[in-house]
Amino acid sequence: MIIFRTILPYRKWLREQRSQGKSIGFVPTMGALHEGHLSLLRAAGNNGQTTVCSIFVNPTQFNDPNDFKLYPITTESDIQQLVSIGTDVLFLPSVEEMYPEGAIQQTSFELGNLENILEGAFRPGHFQGVCQVVSRLLDIVAPDNIYMGQKDYQQCMVIARLLELKQSATSLKIMPTLRETSGLAMSSRNMRLSEEERKKATAIWRTMKEMAGTLSSIPVPDLEKEAEQKLLAAGFDKVDYCTPADAATLGPWQPGIDAVILCAAFMGKVRLIDNLLVHA
Ligand code: AMP
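Because the structure is a prediction, the values reported are computed rather than measured.

The rules behind each value
Throughout this document, residue positions are counted from 1 along each chain, in the order its sequence is written. Local features in a predicted model are, by the rule used here, given only for residues with pLDDT of at least 70; side-chain atom pairs are given and counted only at 80 or more, and totals for whole chains, interfaces and linings are based on all residues. Derived side-chain values reflect all non-hydrogen atoms in the structure, with water molecules and hydrogen atoms excluded from consideration. The cutoff for a nearby residue is simple: one of its non-hydrogen atoms must lie within 4 Å of the molecule or strand. For the purposes of these results, a polar contact is taken to be a pair of N or O atoms within 3.5 Å, where, inside protein, one atom must be able to donate a hydrogen and its partner to accept one; residues adjacent in sequence count only when each atom of the pair is a side-chain atom. Here the accessible surface of atoms and residues is derived via Shrake-Rupley with a 1.4 Å probe, and residues count as covered only by protein chains that are part of the display. Where helices and strands are cited, they refer to DSSP runs of H or I of at least four residues and of E of at least two residues respectively, numbered from the N terminus. In this classification, Asp, Glu, Lys and Arg are treated as charged, Ala, Val, Leu, Ile, Met, Phe, Trp, Tyr, Cys and Pro as nonpolar, and every other residue, Gly included, as polar. As used throughout, domain bounds are those supplied by an automatic or database domain assignment. Contacts between residues were defined by any pair of non-hydrogen atoms, one from each residue, lying within 4.5 Å. By buried area we mean the combined loss of accessible area, with a 1.4 Å probe, across both parts when two parts are placed together. Note on definitions: salt bridges are taken to be side-chain nitrogens of Lys or Arg within 4 Å of carboxyl oxygens of Asp or Glu.

Engineer: Help me understand the site of the ligand, please; the structure alone is not making it clear to me.
Structural biologist: Surveying the vicinity of the ligand reveals 16 residues, the closest of which are Met30, His37, Asp152, Leu178 and Met186. At a separation of 3.0 Å, an oxygen atom of the ligand approaches a polar backbone atom of glycine 149. In this structure, an oxygen atom belonging to the ligand sits 2.6 Å away from a side-chain N or O atom of aspartate 152. The fraction of the free accessible surface of the ligand (480 Å²) that becomes covered by protein chains is 92%. Ranked by residues supplied to the shell around the ligand, first place goes to helix 2 (residues 35-45) with 3 residues. Looking at side-chain class alone, the shell around the ligand contains 8 nonpolar, 6 polar and 2 charged residues.

What follows is the structure, given as structure tokens:
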């Protein structure tokens, strides 16, 4: 695996790849890699694509400075995992390389209501920061395909919009969420949970499945209330939302259309998110 920390040598390498007719499959991450990330890289490596992973903990997408400070960094183990699955390139830039003019959030992406609802409502500025970093990474890495996890459902919709805004030729490939056998969605943030908390956190998966089972028979406000009570009873400390939405727009869900149940809740100081698609 080649590790690039700066842009220029990467661009030189990219030119060589292009001259050999290779296409690039790209997986942007913030590191602390787990099987979920590796599944995206495996998908990117199919069909003989050259695989590029980036690891960059982007300061401009954290609305909570403490969350940024506590974000797990496990670069040595990340590199080992990437090598073990045959990743071709790791792009590992510094903040200065990514933001030579300073890590100040741009707010110039026209995301419409997508940035004000659900995650956007609880994490002001988050999706502008995500667009800023992904836009910069797309310009640098210049991939044919970008692979992202359904785990971050709203983020996938935001990136689809970003690709439209940029009139980008890159295709977005959305891959399924990998879970522990307990149902807990794999997440870098799980590293901050104790064994006991990990067990309690499986309530998100259970609660979403139970909501899916009663979606058409109980009014949405009652479903939301019930889900919040279940999560608090299971040991979550605060529930930001646990609600069904229109799977295509994230607007209000109505019976007869595909739903996505989206959840965000705090276990201690660790904020976990997850979602479940329910076809009509
Ligand atoms: P992150 O490092 O958390 O920013 O995630 C990098 C990419 O990995 C994003 O596209 C995530 O949606 C994806 N991802 C995170 N967790 C999982 C998971 N459990 N299964 C599949 N993809 C995931």
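Engineer: Even after reading the chapter, I still don't get the domain arrangement of the protein, so can you show me in this structure?
Structural biologist: According to the domain assignment, the protein contains domain 1 (2-175) and domain 2 (188-274). In this structure, domain 1 and domain 2 have C-alpha centres spaced 26 Å apart. Across the boundary between the two partners, domain 1 contributes 21 residues, which contact 16 residues of domain 2. In total, domain 1 and domain 2 occlude about 1700 Å² of area from one another, counting both sides; carbon and sulfur atoms represent 61% of this. Of all residues in domain 1, the largest losses of buried area upon contact with domain 2 belong to Leu118, Phe122 and Tyr153, amounting jointly to 32% of the total for that side. Taken together, the connections running from domain 1 to domain 2 amount to 3 salt bridges. Between glutamate 119 and arginine 271 there is a salt bridge, with its nearest N and O atoms 2.8 Å apart. On the surface where domain 1 and domain 2 come into contact, there are 7 residue pairs in polar contact (both at pLDDT 80 or more).

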